[in-house]
Amino acid sequence: MSEPGTFFHLHEEDPVEAYENFKLGMWIFLATEVLLFGGLFAAYFIFKFIWPDIFEAGSSHLNRFLGGLNTLVLIFSSYFMAMSVDAAQRSQQKKLIRNLALTLFFASGFIIIKGFEWIPKLNHGITPGSDVFFSVYYMTTGLHLLHVVIGMSFIGLLLKRAIGGRYHSENFGGVEVGGLYWHLVDVIWIFLFPLLYLI
Amino acid sequence: MSEHKMGHIQDFSIYIKVLLALIGLTFATVLVSLVDFGIFNTLVALLVAFIKASLVVLYFMHGKYEDRVTWAFVYYPIFLLMTLIGALFLDYGFRDHTHFANIPQSYDQKHPEAAHGATTEEHGDSHEAVEVHSEETATDDGHSSSPAAAIESSDHAAPAVDEMIESHEVESQTTAIHGDIEAGRAKAKILCIACHKVDGNGNELPGAPPFAQTANDASKTPELLRNWIKNPQEVKAGSLMPNLGLSDEEVDNLIAYINTYKK
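What follows concerns the overall build of chain A. The secondary structure content of chain A amounts to seven helices and zero strands. Starting at the N terminus and ending at the C terminus, chain A contains elements arranged as α-α-α-α-α-α-α. In chain A, which comprises 199 residues, the share counted as buried stands at 61%. A sequence separation of at least 24 residues applies to 80% of the contacts in chain A between residues at least 6 apart. When the accessible surface of chain A is summed, it comes to about 7,300 Å², and 71% of that surface belongs to carbon and sulfur atoms.

What follows is the structure, encoded as structure tokens:
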């Protein structure tokens, strides 16, 4: 049965059903997130169609190496998140904590690398107002970065609770739902990277 | 629903396999982008991204074990997005863009000296960057077709002269047009295009007179236009045109640009 202090405890619901609903709620939220970024993708394609040369010039200012590195960093982070859920499902307390910590570690790596991209650009006077490509660039990566920060605070909370011994094979909904959000952040970057850096 | 177990424990090795596949696909997509396949670059990049995303959804997010209701919420945003972006490709793909072609400038056009890849360098030389920047502004002004702008930029260099000239200029300030046409055009393309057509592009808000009409209306003196653009509500309370918070110099540039419509 559910532990005191979990979301499930508030409801007089069957824990399995509560778990399913908890997850479904997150999936529905993620659907709206896809549409949020989808609008920006549409803007990207419209501007790129109208001003292809500005996009080509702008894209050539981006550092593919850092972008690619960040893609890998986020994939690793996503992997350790998946492993965290797996550890929670198997009641492997120590592994859960270690994997969550690694997830956070790679997530901070992403932010630091992003800083190495943004700060020199801003110092060189490349700002969101520089041209239409950089408006799209800063808007999409900025909104994504905001998601990374929110995701990291979720994972931090999960880590704190995991250390408190909250999650085990009968109660891992929190880890799984936090994981769903984190994987979506990865999925969005998977699309942003080629669109902004490669083509 | 309550009979089935909570979640689904996936075989351990799947995670590693998916991780390796994602890394491999990342390298693949970078490599493919180095070869120029024209429009296929976009398609391949999107296809690879789609495969990677599917792997994450299926195996990392355990989407594979989710029920139909959950999948409905996976498909519906994808369906909406594909419709939006598909329609957009059909629309813009077959449009004639030539009349759009020169609205905004790219960062490179605005900063011709900024070499490609400069941003990726170490930023230890921020000193240099500042110098380059001031040089650019100098040459930018040099490009301008209005001699007044050139005088202005040299005024900046010598503030004392600036003050001396200022008293002389008060008269001409209000009647003469001495802004930088190109700077004005660039501003207009950003700020005014939502309501006034700029170089034939943009919207024409009902009630907002075309620049051509204003420029050829002798009653619209530069002074009047200056006051108007600075604060429309002060000239005509309740006007629909917003106060855009522009500086004197920007207003002058805009007026110089509007004046190009004069026949």
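What follows is about the overall build of chain B. Regarding its fold elements, chain B presents 12 helices and zero strands. Listing the helices and strands of chain B from first to last along the sequence gives α-α-α-α-α-α-α-α-α-α-α-α. With 263 residues in all, chain B has 32% of them scored as buried. Here the analysis covers contacts within chain B between residues at least 6 apart in sequence; of these, 58% occur between residues at least 24 apart. Within the structure as shown, chain B displays about 16,000 Å² of accessible surface, and the carbon and sulfur contribution to it stands at 63%.

Turning to unusual backbone geometry, a few remarks are in order. Residues and elements named next belong to chain B. Phi at His-62 takes a positive value of approximately 60 degrees, unusual for a residue other than glycine. As for its position among the elements, His-62 is in the loop between α2 (39–60) and α3 (68–93). With a phi close to 50 degrees, Asp-199 is a non-glycine residue in the positive phi region. Summarising the element assignment, Asp-199 is placed in the loop between α8 (181–191) and α9 (211–215). The class of Asp-199 is partly exposed, set by a relative accessible area of 36%.

Before going further, it helps to examine a nonpolar patch on the surface. Residue and element names in this part refer to chain B. On the surface, Leu-31, Leu-34, Val-35, Phe-37, Ile-39, Phe-40 and Leu-43 cluster together into a nonpolar patch covering about 720 Å² of accessible area. Among the elements of the structure, α1 (12–34) and α2 are those that each provide at least two residues to the nonpolar patch. Top contributing element to the nonpolar patch by residue count: α2, with three residues. Along the polypeptide, Leu-43 turns up in helix α2.

This part takes up the nonpolar core. Within the largest apolar cluster, 95 residues are counted, with the highest numbers of intra-cluster contacts made by Tyr137(A) and Trp182(A). With sequence-adjacent residues up to four places away left out, Tyr137(A) is seen in contact with Leu62(A), Lys114(A), Glu117(A), Trp118(A), Lys121(A), Gly142(A), Leu196(A) and Tyr197(A). One finds Ala188(B), Phe211(B), Ile229(B) and Ile255(B) within the second-largest nonpolar core, a separate group that totals 17 residues.

Moving on, we come to helix α10 (residues 222–230) of chain B. Within α10(B), burial applies to Pro222(B), Leu225(B), Arg226(B) and Ile229(B). Within α10(B), the buried residues cover an arc of 105 degrees as seen down the axis, which keeps them to one side.

This part takes up the side chain of Asn253(B). With respect to the helices and strands, the residue Asn253(B) is situated in helix α12 (residues 248–259). Discounting residues that sit within four places of it in the chain, Asn253(B) has contacts with Gly179(B), Asp180(B), Ile181(B), Ala183(B) and Gly184(B).

By a widely used convention, the size of an interface equals the accessible area lost when the partners come together. Contacts between the two partners involve 67 residues from chain A and, on the opposite side, 68 residues from chain B. In this assembly, chain A packs against chain B so that about 6,200 Å² is buried in total across both faces, 75% of it on carbon and sulfur atoms. The tally of links from chain A across to chain B stands at one salt bridge. A salt bridge links Lys23(A) to Glu66(B); the nearest nitrogen and oxygen atoms lie 2.9 Å apart. At the junction of chain A and chain B, the tally comes to eight residue pairs in polar contact (both at pLDDT 80 or more). In terms of residues, the side of chain A that touches chain B owes the most to one element, helix α2 (residues 15–50) of chain A, which gives 20 residues. Looking at the side of chain A that touches chain B, its residues break down into 41 nonpolar, 13 polar and 13 charged.

Attention now moves to the side chain of Glu176(A). As for its placement among the helices and strands, Glu176(A) is situated in helix α7 (residues 173–198). Here Glu176(A) is buried and forms no salt bridge, its nearest opposite-charge partner Lys23(A) lying at an N-O distance of 4.3 Å. Within the local environment of Glu176(A), its side chain forms a polar contact with the side chain of Tyr19(A), the two groups lying 2.6 Å apart. Those residues in contact with Glu176(A), other than ones at most four positions away along the chain, are Tyr19(A), Lys23(A), Val85(A), Gln89(A), Met61(B) and His62(B).

Our next topic: the packing of aromatic side chains. Taken as a whole, this structure holds 32 aromatic pairs over all chains when the rule is applied. Seen from their ring centres, Phe110(A) and Trp189(A) are 5.1 Å apart, and the 85 degrees between their planes marks the pair as edge-to-face. Taken together, the positions of Phe110(A) in helix α5 (residues 93–123) and Trp189(A) in helix α7 put the pair 79 residues apart, joining distant regions of the chain. Trp189(A) carries the same exposure label as Phe110(A), and that label is buried. With a centroid separation of 5.5 Å and an interplanar angle of 40 degrees, the aromatic rings of Trp71(B) and Tyr75(B) are classed as tilted. In this pair, Trp71(B) and Tyr75(B) are both assigned in helix α3, four residues apart and thus about one turn of the helix distant. A residue is classified by how much of its surface remains accessible, and Tyr75(B), at 54% relative accessible area, is exposed.

Residue and element names in this part refer to chain B. Summarising the model, chain B shows a mean pLDDT of 74, and 71% of its residues fall at 70 or more. Residue range residues 115–174 is modelled with pLDDT below 50. Its contacts to residues more than four positions away, or to other chains, number 41 contacts. On the interface metric, ipTM, the complex scores 0.90, and its pTM is 0.63.

Reading the values: rules and limits
- Residues numbered from 1 in each chain as written.
- Chains lettered and ligands numbered in written order.
- Predicted model: local features only at pLDDT ≥ 70, side-chain atom pairs only at ≥ 80, totals over all residues.
- Heavy atoms only, no water.
- Helix = DSSP H or I, 4+ residues; strand = E, 2+ residues; numbered from the N terminus.
- Buried < 20%, exposed > 50% of the residue type's maximum accessible area, 1.4 Å probe, protein only.
- Contact = heavy atoms within 4.5 Å.
- Areas by Shrake-Rupley, 256 points an atom, 1.4 Å probe, with all protein chains shown as cover.
- Patch = residues over 30% accessible without salt bridge, like charges linked within 9 Å, V, L, I, M, F, W, Y side chains within 5 Å.
- Salt bridge = Lys/Arg side-chain N within 4 Å of Asp/Glu carboxyl O.
- Core = buried A, V, L, I, M, F, W, Y, C linked by side-chain atoms within 4.5 Å.
- Arc of directions from axis to C-beta.
- Buried area = accessible area lost by both parts, 1.4 Å probe.
- Polar contact = N/O pair within 3.5 Å; in protein donor to acceptor, adjacent residues only side chain to side chain.
- Nonpolar A, V, L, I, M, F, W, Y, C, P; charged D, E, K, R; others polar.
- Lys, Arg positive; Asp, Glu negative; His and termini not counted.
- Phe/Tyr/Trp six-rings, centres within 6.5 Å; stacked < 30°, edge-to-face > 60°.
- pLDDT = per-residue confidence, 0-100.

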